[in-house]
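Structural overview
So the chains spell out like this:
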Amino acid sequence: MLSESTVPRAVLVCASISVSILLLYGASGSPSFLSSGYSFNFFPSLLGGSSDSEFSLEKILEEAAMEDKTVIITTLNEAWAAPNTVIDLFLESFRRGQGTRRLLNHLVIVALDQKAYRRCMELHAHCFALVTRGLDFHREAYFMTDVYLEMMWRRIDFLRSLLELGYNFVFTDADIMWFRDPFPRFFLDADFQIACDQFSGNSSDVQNRPNGGFNYVKSSNRSIEFYKFWYSSRQTYPGYHDQDVLNFIKFDPLIERLGLKMRFLDTAFFGGLCEPSKDLNLVCTMHANCCFGLDNKLHDLRIMLQDWKTFLSLPPTLKRSLSMSWRVPQNCSLNSVHQYDSPEKSDHQTLHR
């Protein structure tokens, strides 16, 4: 039982921990201290966890990683963590997909606020709390607002830190349905490969329109320097989000000097509402990109998942012979799909669009 003199001290300790959540980033705003062994995951202790060290980023990555140190990463905030919304559909797609259920063992959900972290802990084995000083990411972040831009750039910096820790990663937005194991469709010799809003037909063509919501990156000095260059280029192109900046810097001579091998993924396998995969016998992932508004996104994601279930229920011979197409986009209308013709308007559907 606490004494009268102890109670205020306990309250002060809790208050100081709460304040520390907002001060996890240094003045530079970069989580570069991750490589020094620090952890900025303070939610477990607030939720009754046993110790912060048990929930450190390094430990979570080690537990989730494949044999070659590859992890699957997604980000989550309160808006997408609510019951019967995006995160539930995302996880269901892994359970319904072909060869994808086992990949859940390698998925790390990065929670951007406390409620998202609580929900993650209810649903999944590998959860990490990433907090950004002075910013509130718990609500729906509308496209190109200041909060949205900061969230996107924090993500790039965080992913860079994973590469510095020696981990390869597949980053996936949570509004992407995983219908087949994508690893057989990745290029073996690429450092950085990324999905597209529009695919030209040539995986090496830098004129492809990449989508930052899905990429596979191998840890190397080349990829680390590329992510540093990408992040620092926000100063060169102020007011643009990470995907816009990628569309600018993909032509930069530095890419060639780094020796970075960049490849663009075919929408036949990695489709989306901007350019749907046409053959359900081939599709690996489908992204609810080119879509504004959480309600619209949820509506079309549910139809997409139902289309997949219908396809799976067909006899094998009918699957191969039937030309079955998606019933989406619907609420994510084609009008919004076709409005992304310039870097300023391109949509990479990261967390809340």
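Counting of residues starts from 1 at the beginning of each chain's written sequence and follows it residue by residue. For a predicted model such as this one, the threshold for reporting local features is a pLDDT of at least 70, and the threshold for listing and counting side-chain atom pairs is 80 or more; totals across whole chains, interfaces and linings nevertheless cover every residue. Hydrogens and water are ignored here; the side-chain numbers use all heavy atoms of the structure.

**Comments concerning the pattern of salt bridges**
Which entries qualify depends on this criterion: The term salt bridge refers to a side-chain nitrogen of Lys or Arg lying within 4 Å of a carboxyl oxygen of Asp or Glu. Secondary structure counts use DSSP, requiring at least four H or I residues in a row for a helix and at least two E residues in a row for a strand, with both numbered from the N terminus. The rule is simple: take the accessible area with a 1.4 Å probe, protein chains only, and divide by the maximum for that residue type; under 20% is buried, over 50% is exposed, in between is partly exposed.
Applying the stated criterion to the full structure yields 18 salt bridges. Note that Asp181 and Arg102 form a salt bridge whose closest N and O atoms lie 2.6 Å from each other. Taken together, the residues Asp181 in the loop between β5 (176-178) and β6 (192-198) and Arg102 in the loop between α5 (86-96) and β2 (107-111) connect sequence positions 79 residues apart. Taking the relative accessible area as the measure of exposure, Arg102 reaches 46% and is therefore partly exposed. Here the salt bridges do not stand alone but share partners, grouping Asp157, Arg160, Glu164, Glu225 and Lys228 into one network.

**A word on the nonpolar core**
Test applied: By convention a nonpolar core is built from buried Ala, Val, Leu, Ile, Met, Phe, Trp, Tyr and Cys residues, the set being connected through side-chain atoms within 4.5 Å. Any two residues having at least one pair of non-hydrogen atoms within 4.5 Å are treated as being in contact.
Counting residues in hydrophobic clusters, the biggest one holds 55 residues, and the most contacted among them are Phe90, Trp178, Phe179, Phe214 and Met304. Sort the elements by how many residues they give to this core and helix α11 (residues 294-312) lands first, with eight residues. Every residue in contact with Met304, bar those within four places of it in the chain, is listed here: Met177, Phe179, Leu273, Met286, His287, Trp326 and Val328. Among the nonpolar cores identified, the runner-up in size contains 43 residues, and Leu159, Phe169, Phe171 and Phe199 belong to it.

**Let's talk about the sheet that holds strand β9 (residues 270-272)**
Filter applied, for reference: DSSP calls a pair of strands paired once it identifies at least 2 bridges connecting them. Lines fitted to C-alpha atoms define the axes here, with helix axes fitted over just the stretch in contact, and angles between the N-to-C directions of these axes take values from 0 to 180 degrees.
A sheet is described by the order of its strands in space; here three strands give the open sequence β5-β10-β9, paired in mixed fashion. Sheet topology places β5 and β9 at the edges, where each strand pairs with a single neighbour. Ignoring strand direction, the axes of neighbouring strands in this sheet form an average angle of 20°. Here β5 runs beside strand β10 (residues 285-287); their pairing, made up of three bridges, is antiparallel. Looking across to β10, one finds that Trp178 is bridged to Thr285.

**Some details on the sheet that holds β6**
Strand order in the open sheet formed by seven strands is β3-β2-β1-β4-β7-β6-β8, with mixed pairing between adjacent strands. Both outer strands of the open sheet, β3 (127-129) and β8 (262-264), are each paired with one neighbouring strand and no more. On average, each strand axis in the sheet is tilted by 30° relative to the strand beside it, whichever way the strands run. Here β6 runs beside β8; their pairing, made up of three bridges, is parallel. Paired with Gln193 across the two strands is Arg263, which belongs to β8. Sitting on the sheet, helix α9 (residues 242-249) touches β6, β7 (209-217) and β8, and the angle it makes with β7 is about 95°.

**With respect to the layout of surface pockets**
Counted only if it meets this: Within this scheme a cavity is a closed region of a 1 Å grid, computed over the protein atoms alone, that accommodates a 1.4 Å probe without allowing it to escape, whereas a pocket is open but has protein on both sides within 12 Å along at least five of seven lines; lining residues each have an atom within 4 Å of a point. Grid points are joined across faces, edges and corners, and a volume is the space filled by probe spheres set on the points.
Of the volumes computed, that of the second largest pocket is approximately 160 Å³. Around the second largest pocket, the lining residues are Ser204, Val206, Lys250, Phe251, Asp252, Ile255, Glu256, Leu260, Met262 and Phe264. For the lining of the second largest pocket, the secondary-structure elements that each account for two or more residues are α10 (253-258) and β8.

**Digging into α9**
Counting buried positions over the eight residues of α9 gives seven, a clear majority of the element. Considered for burial, the residues of α9 that qualify are Asp242, Gln243, Asp244, Val245, Leu246, Asn247 and Ile249.

**Examining the packing of aromatic side chains**
Selection criterion: Pairing of aromatic side chains requires ring centres within 6.5 Å, counting the rings of Phe and Tyr and the six-membered ring of Trp. Pairs whose planes differ by under 30 degrees are stacked, by over 60 edge-to-face, and all others tilted. A ring is considered to have a charge above it if a Lys NZ or an Arg CZ atom is located within 6 Å of its centre and within 35 degrees of its normal.
Under the counting rule described, the total for this entry stands at 23 aromatic pairs. Chaining the aromatic ring pairs together yields one cluster made of Phe90, Phe94, Trp178, Phe183, Phe186, Phe214, Tyr216 and Phe270. Positioned over the ring face of Tyr167 is Lys69, at 4.4 Å from the centre of the ring. Against the face of Phe187 rests Arg263, its NZ or CZ located 3.9 Å from the ring centre.

What is shown is where atoms sit, not what they do.
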